[in-house]
Amino acid sequence: MTMKIHDNGTDRDMTEQEKIVYLAWQKQKQEHIKAQEKIALDKASARQAVLDRLGITADEVALLLN
Amino acid sequence: MANTQTTVPLFVANTVLTAAQQNISAGTGVPVFATTVTRDAAFGGSNKALAEGQLAYIEASNVVQYYDGAAWATVGPLSSGLVCVKAQTAFSVALTLNVDNVFTSSYSNYKILLSLTAGSGSITMRLRASSTDTTTNYKTRTIYGTSSTLFAADATGTDDFYLFDYDAQGGGAEISVIAPQQAQGTTISTVTFGSSGANGYIYNVAGYQNSSTQFDGFSLFAATTGITGTYAVYGYSKTV
């Protein structure tokens, strides 16, 4: 796979070392994104569970709180 | 004798060139002086008088001046508050951008303008010194959202500044960089239009890199696919 780097005004293919560094960074970044998405999903699930127990919708909660 | 040139003569064959005409010609060019002191000395003397519109170039300050009838005033170059230190540069399908030697002691604070037309994923930024990324001690505080919903996020102790997400719907970033070349922490702030899915997002990021490293450049990273666009870097003048 061609992987490009813009190096001080020049677009070129990454060297093998640059590929290793970039792929490590990308892997770590995507894991972080997945972890953040899981946190958001867990929060949404917990919120929905509370709403289900109360038997009201999110819109109805907003009406009550506003 | 005033140096005022009130005519623009056209000489033809056999026309007599008088001493007065020659003196006017010699006196109305742009004479070059080392300083304003040597300028005043050269234009002084009992048989000379400054004329309104007289020009002089001063080597010490690299400016062209004109005499307005009462005093010398500067024609140019005028000082600018914002000076382009890296001309607009295009890049194509790049996963990483390295931009070195843009932060110098000439300026304390900088503005980076980034315009994107293609690519996708999270865009992050690192500070660099001597072509090497610094990968520790970043923190960012982010407010982002669509037209109807706002979110907040923060990250401390990361290996870069998270700037925004992008997915080829068009967008760009205005990034202010405070004191990157000074032996103190570096602060950034951004206003960005990015996107995620079908929505356009605004990102407002404040970031801090906590070290005394004197950075001379920066790098950008695209987390998913290569990005295409342009960037330019400007330095804020430290003097009026």
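All values derive from a computational prediction rather than experimental measurement. (Residues numbered from 1 in each chain as written. Chains lettered and ligands numbered in written order. Predicted model: local features only at pLDDT ≥ 70, side-chain atom pairs only at ≥ 80, totals over all residues. Heavy atoms only, no water.)

Student: Tell me what's going on with the interface of chain A and chain B, and back it up with residues and numbers.
Tutor: In this assembly, 16 residues from chain A lie in contact with 22 residues from chain B. Roughly 1500 Å² is buried in total at the junction of chain A and chain B, and carbon and sulfur atoms are behind 50% of that figure. At the junction of chain A and chain B, the tally comes to two salt bridges. Measuring nitrogen to oxygen at the nearest pair gives 3.1 Å for the salt bridge that ties B:Asp160 to A:Lys29. For the pair chain A and chain B, the number of links is 12 residue pairs in polar contact (both at pLDDT 80 or more). Of all the elements in the fold, those that place two or more residues in the side of chain A that touches chain B are β1 (4-7) and α1 (16-54) of chain A. At seven residues, the largest contribution of residues to the side of chain A that touches chain B is made by α1(A). As paired strands, β1(A) and strand β6 (residues 96-99) of chain B are joined by three bridges and run parallel to one another. Paired with A:Asp7 across the bridge in β6(B) is B:Asn98. (Contact = heavy atoms within 4.5 Å. Buried area = accessible area lost by both parts, 1.4 Å probe. Salt bridge = Lys/Arg side-chain N within 4 Å of Asp/Glu carboxyl O. Polar contact = N/O pair within 3.5 Å; in protein donor to acceptor, adjacent residues only side chain to side chain. Helix = DSSP H or I, 4+ residues; strand = E, 2+ residues; numbered from the N terminus. Pairing = 2+ DSSP bridges.)

Student: Lay out the nonpolar core in plain terms, naming residues and giving numbers.
Tutor: Within the largest apolar cluster, 33 residues are counted, with the highest numbers of intra-cluster contacts made by B:Phe103, B:Met125, B:Leu163, B:Phe164 and B:Phe218. Those residues in contact with B:Phe218 that sit more than four places away from it in its chain are B:Leu97, B:Asn98, B:Val99, B:Val102, B:Phe103, B:Ile112, B:Met125, B:Arg126, B:Leu127, B:Arg128 and B:Val233. If you look at the next biggest cluster of nonpolar residues, it comprises eight residues, including A:Met3, A:Tyr22, A:Trp25 and B:Phe221. (Core = buried A, V, L, I, M, F, W, Y, C linked by side-chain atoms within 4.5 Å. Buried < 20%, exposed > 50% of the residue type's maximum accessible area, 1.4 Å probe, protein only.)

Student: Account for the confidence of the model for chain B, with residues named and values stated.
Tutor: Residue and element names in this part refer to chain B. Residue-level pLDDT values for chain B average 88, and 95% of them are 70 or greater. By mean pLDDT, helix α1 (residues 19-27) is the weakest element of chain B at 80, and β6 is the strongest at 97. Across the interface, the model reports ipTM at 0.70; the global pTM reads 0.72. (pLDDT = per-residue confidence, 0-100.)

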